[in-house]
Amino acid sequence: MSLSSRMRTWWQAVRHGDAVGAQVDEELRFHLEKYAEDLMRGGMSREEALRRAKAQLGSMAAARENSRQAWGTRWFDEVRADLRFALRLLAKSPGFALIAVGSLALGIGANTAIFSVVNAVLLRPLPYPHPEELVAVTEASTQQGGIDTGLSYSDFDACRQQSRTLRDLAGYQFHDLTLTGNGDPVALDTVVTTPNLFSLLQVNPVAGRTFSADDGVRGAAPVAIVSENLWRSRWNGDPGLVGKTITLDQRPFTVVGIMPEGFHFPLGTANEDVWIPLVQDPLFGPWMNRAGGHWLRVVGRVRPGISLEQARSEMASLAARRAKEDPANDAGFTARLTPLQQMAVRGVKSPLLIVLCAVGLVLLIACANIANLLLARATSRAKEMAVRVALGADRRRIARQLLTECAVLGILGGGIGVGLAWAGVWELRALLLTRLPQIHAIRVDGWVLAFALAASLAASVVFGLAPVFFATRSDPQKDLTEGARAGEARGSQRARSGLAVAQVALAMMLLVGAGLLMRSFVLLTSVNPGFATKDVIKADIQLPRFQYSTPQQWTAFSDELLRRLHAQPGLQQSAIVVPLPVLDGFVNLGFRIDGAPPLPPGATQTADFVSASPQYFSVMGIPLLRGRGFTADDSAMRPPVAVISETLARRYFQHENPVGRRLIFGFPPDGNVSREIVGVVGDVRDVSLNQDPGPMMYVPFAQAPFWGGEVVVKTHATVATAAGALREQTHAIDKALPVTDIASVSEAMGASLTDARFRTILLGVFSTIALLLAAGGIFGVVSYSVSRRTNEIGIRMALGAEPGRVLRMVLRESSTLAGIGVAAGVVGALTIGRFVRVLLFGVKASDPLTIAAAASLLVAVALAASWVPARRAAGVEPMRALRHD
């Protein structure tokens, strides 16, 4: 090829916008330099040749730029035309647009709302600098089943001084302190911590300072840090609060700082109100000097460049060293390091991912539904596409037009879905438990909007591929000669039927999951906890430890309060208990049976501990099986006694009568006390409703008093009436005491099932949406099939087919689709059942009753959805059908 020919070729390429980029520029420069040499050979001076070559290069570059702009203009005009055409088509088919956009909006809205929760709780890093360095430090004993516990303060102090892989460690605990002197007394969620917690987390207050090392020394002046929420609600945002004194548990504390509203410790309570140094705490402060006792929660920060495995290895060696130095308290304990974020989401990760997968299935069903609708439209538009191809339209151009229409549906559905998600997020935050990590960060932010956009575009591609494929693979000549019925190709029929089957299968998986959770929830709510919940009201009363510092004062207060309550009409059956089953957690203690053989190495005996006043068993309806319960004579001056549960008696005393035997145990700091067993009572589910009753030990409150507890009253009075009486009698003893968490036990037990109820409701809603979408898919396939087979049905009826036979034929078609989908859905449900089983109670993931019920419901809904088109087919007039085109 000559130089001029090569230049013309490149020039044409540039004009058509096919040659772009740096490589083209280099080639053009090379050829123009050659051109300049040719000019020089013709007698032209070098300078003149180069000048002309540069001029030519400039004109070619300008032409190329004009070509680029023209190509961009043409592309923009084509896209704009495609968008206008897509919007006109949607306007001409409002029913189709409403169904398609509505289905997609539901799917994307649900996915976006749930993703906002998953993003905030599971994906977003903790709101501290370098959160990947933060770890939770726990200890576990094989003798206690490997359950994570805290550290003793001496172990914490040793780890902090000896560790070379952890930059720092901080200890913390939680309980309530009573704020007085500023309005009504109120119980505050209090974090007691070593002074370095804030510096370890690298967070700063909005005003004042955090704790210093001097604040953690015994004898230092009491100081406190309050939350911004408490500062604004209790002191109206008074800028002068820092430096002032507040009264906590009848002791003055100087406020030294205010933490920002966004600061929430991931392993903390729902709302931290105030922070005080551990050494200043009336409850846990004295425990710092106690040997043993794994009560202190610990968080650490790994040094930069140190791997988690290195830190774990070092902590294991330190634990082994402590076990040798103090075998009585540390033998058998091993140290564990868990990333703080992993620890924070440990109890909610699986449920959230399961819910996210469920809404993902809903979106897939919506996409299959829209794809079915688009396939039907593509078949009806076959002649339009054939005319376009006959007039010279490129198939790629047609594909782009169809994808543009899908993108418009996706964007409209996504936009409405984001609006639904924004409203749904606020409802989710109200339904979710406030203890959910980072619940305050749940919102529709940039990442959530990006997810919604990606979901919309992905959905557009998913439901747009099938109609684009069949539209671009059609035969124009056949479509033009045979009319609209040419679009009823076997491949298109199979695609629509396959999409309907996929919808039914996905809906079946969701229905089985929702059915399993529903059955599980029903069984959970109907389980007998072993105690009465009806007509029982509870209230929490905590005594200030600085004012009520001795067990004698705790006992005197409880005796006086119960005496006053027993004198009130309708409140005669009252008791005090610590802890209240299910609602207050549990306390597990080791014990020994006096006179029994020593336990083998590594073996242990534990039972849950409860301290209760004499009327407790009567108030809570716990039956006495042997011996006696507690009486007023079981005081601190009398021999220690205990009542055990039926499970403990059956497990450790087997065929002998335990009454009269002795157990040796004790709640710290009392140590081990030998107690005579005076009675056996019925079993109670004290940990949770979904956990079988375990062994329990009850002791008289007078012999093991606490600085507060739950007052339980059996009464027919309303909660408001009982609450007023409880507050009145409590304030008659001490007007500075708050009475909190007043509720009926039945309502409180119902609130304890919030997690299970939330999951069941969500999956129930999603499965209902899936069922409706699947029914719509079946209806669309059968209805369209009937409309395309009008001639065939007319011929059948002209030859003598009865309407009932036609009706059965159509219903058989829909039931076949539903049956195949149900079978595939059962396989899918059994496959994913192993992930759902962690959420179930009393029912297996392969429960045949649930699977059968879901299958029956789906088939029934499919038949109901196909009944209308089937009746229409059975009512076809033969002559009119034969003339139908």
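Anything mentioned here points back to the structure above.
So, here's what we can say about the structure. (Residues numbered from 1 in each chain as written. Predicted model: local features only at pLDDT ≥ 70, side-chain atom pairs only at ≥ 80, totals over all residues. Heavy atoms only, no water.)

Right, let's talk about the overall build of the chain for a bit. Helix and strand content of the chain: 26 helices and 23 strands. For the chain, the share of sequence-separated contacts (at least 6 apart) that also reach a separation of at least 24 residues comes to 80%. Counting only carbon and sulfur atoms, one obtains 58% of the accessible surface of the chain, whose full area is about 40,900 Å². (Helix = DSSP H or I, 4+ residues; strand = E, 2+ residues; numbered from the N terminus. Contact = heavy atoms within 4.5 Å. Areas by Shrake-Rupley, 256 points an atom, 1.4 Å probe, with all protein chains shown as cover.)

As a further point, take the packing of helix H17 (residues 551-566) against helix H20 (residues 719-733). Contact pair H17 / H20: the axes reach a minimum separation of 10 Å and the direction vectors enclose 135 degrees. Classified by the interaxial angle, the pair formed by H17 and H20 is oblique. With respect to the hand of their crossing, H17 and H20 are arranged in right-handed fashion. For the pair formed by H17 and H20, the contact residues are Phe-557, Glu-560, Leu-561, Arg-564 and Leu-565 on the first element and Leu-726, Gln-729, Thr-730, Ala-732 and Ile-733 on the second. In terms of residue class, the contact of H17 with H20 is made up of six nonpolar, two polar and two charged. (Axes fitted to C-alpha atoms, helices over the stretch in contact; angles between N-to-C directions. Parallel < 35°, antiparallel > 145°, perpendicular 65-115°, else oblique. Left-handed = near helix turned anticlockwise from the far one by under 90°. Nonpolar A, V, L, I, M, F, W, Y, C, P; charged D, E, K, R; others polar.)

Three or more residues of helix H5 (residues 153-162) are buried, namely Tyr-153, Asp-155, Phe-156, Ala-158 and Cys-159. Looking at the buried residues of H5, the elements they touch are strand E1 (134-141), strand E3 (166-180), strand E10 (297-302), helix H8 (308-325) and helix H9 (327-330). (Buried < 20%, exposed > 50% of the residue type's maximum accessible area, 1.4 Å probe, protein only.)

Attention now goes to the nonpolar core. In this structure, Val-226, Ile-246, Leu-248 and Leu-663 are the most contacted members of the largest nonpolar core, which totals 84 residues. Top contributing element to this core by residue count: H17, with five residues. Every residue in contact with Leu-663, bar those within four places of it in the chain, is listed here: Phe-591, Arg-592, Ile-593, Ile-644, Phe-653, Val-673, Ser-674, Arg-675, Ile-677 and Met-697. If you look at the next biggest cluster of nonpolar residues, it comprises 71 residues, including Leu-352, Met-509, Val-822 and Ala-870. (Core = buried A, V, L, I, M, F, W, Y, C linked by side-chain atoms within 4.5 Å.)

Here we take up the pattern of salt bridges. Applying the stated criterion across every chain yields a total of 18 salt bridges. A salt bridge links Asp-215 to Arg-209; the shortest N-O distance between them is 2.9 Å. Taking relative accessible area as the criterion, Asp-215 reaches 7% and is therefore assigned buried. Salt bridges sharing common partners tie together Glu-133, Arg-167 and Arg-301. (Salt bridge = Lys/Arg side-chain N within 4 Å of Asp/Glu carboxyl O.)

A few words now on helix H7 (residues 228-235). Taken together, the buried positions of H7 are occupied by Glu-228, Leu-230, Trp-231 and Trp-235. The buried residues of H7 occupy an angular sector of 165 degrees when the element is viewed end-on, so they sit on one face. The inward-facing, buried residues of H7 contact E3, strand E4 (186-193), strand E6 (223-227), strand E7 (245-248) and strand E8 (251-259). (Arc of directions from axis to C-beta.)

Another point: unusual backbone geometry. With an omega dihedral of -10 degrees, the bond running from Val-578 to Pro-579 counts as a cis peptide bond. Within the fold, Pro-579 resides in the loop between strand E13 (573-578) and strand E14 (588-590). The backbone of Asn-236 sits at a positive phi, close to 55 degrees, despite the residue not being glycine. Within the secondary structure, Asn-236 is located in the loop between H7 and E7. Classification of Asn-236 by relative accessible area gives exposed; the value is 70%. A positive phi angle, close to 45 degrees, is found at Gln-654, a residue other than glycine. Mapping Gln-654 onto the fold places it in the loop between helix H19 (646-652) and strand E19 (662-665).

With that out of the way, let us pick up the environment of Gln-691. Tracing the sequence through the fold places Gln-691 in the loop between strand E20 (673-681) and strand E21 (696-700). Its relative accessible area of 39% is what places Gln-691 among the partly exposed residues. For the pair Gln-691 and Phe-841, spaced 150 residues apart in the sequence, the C-alpha separation amounts to 9.0 Å.

The full count for this structure, using the stated rule, is 22 aromatic pairs. For the pair Phe-284 and Trp-287, a centre-to-centre distance of 5.2 Å together with 80 degrees between the ring planes defines the contact as edge-to-face. Owing to a relative accessible area of 7%, Phe-284 belongs among the buried residues under this scheme. By relative accessible area, which is 14% here, Trp-287 ends up buried. Ring geometry for Phe-591 against Tyr-652: centres 5.3 Å apart, planes inclined by 90 degrees, an arrangement best described as edge-to-face. Remark: Tyr-652 occurs in helix H19 and Phe-591 occurs in the loop between E14 and strand E15 (592-593); sequence separation between them is 61 residues. Every member of this aromatic cluster is reached through a ring pair, and the members are Tyr-128, Phe-198, Phe-211, Phe-263 and Trp-275. Across from the ring centre of Trp-707, 4.7 Å away, lies the NZ or CZ of Arg-545, which sits over that ring. (Phe/Tyr/Trp six-rings, centres within 6.5 Å; stacked < 30°, edge-to-face > 60°. Lys NZ or Arg CZ within 6 Å of the ring centre and 35° of its normal.)

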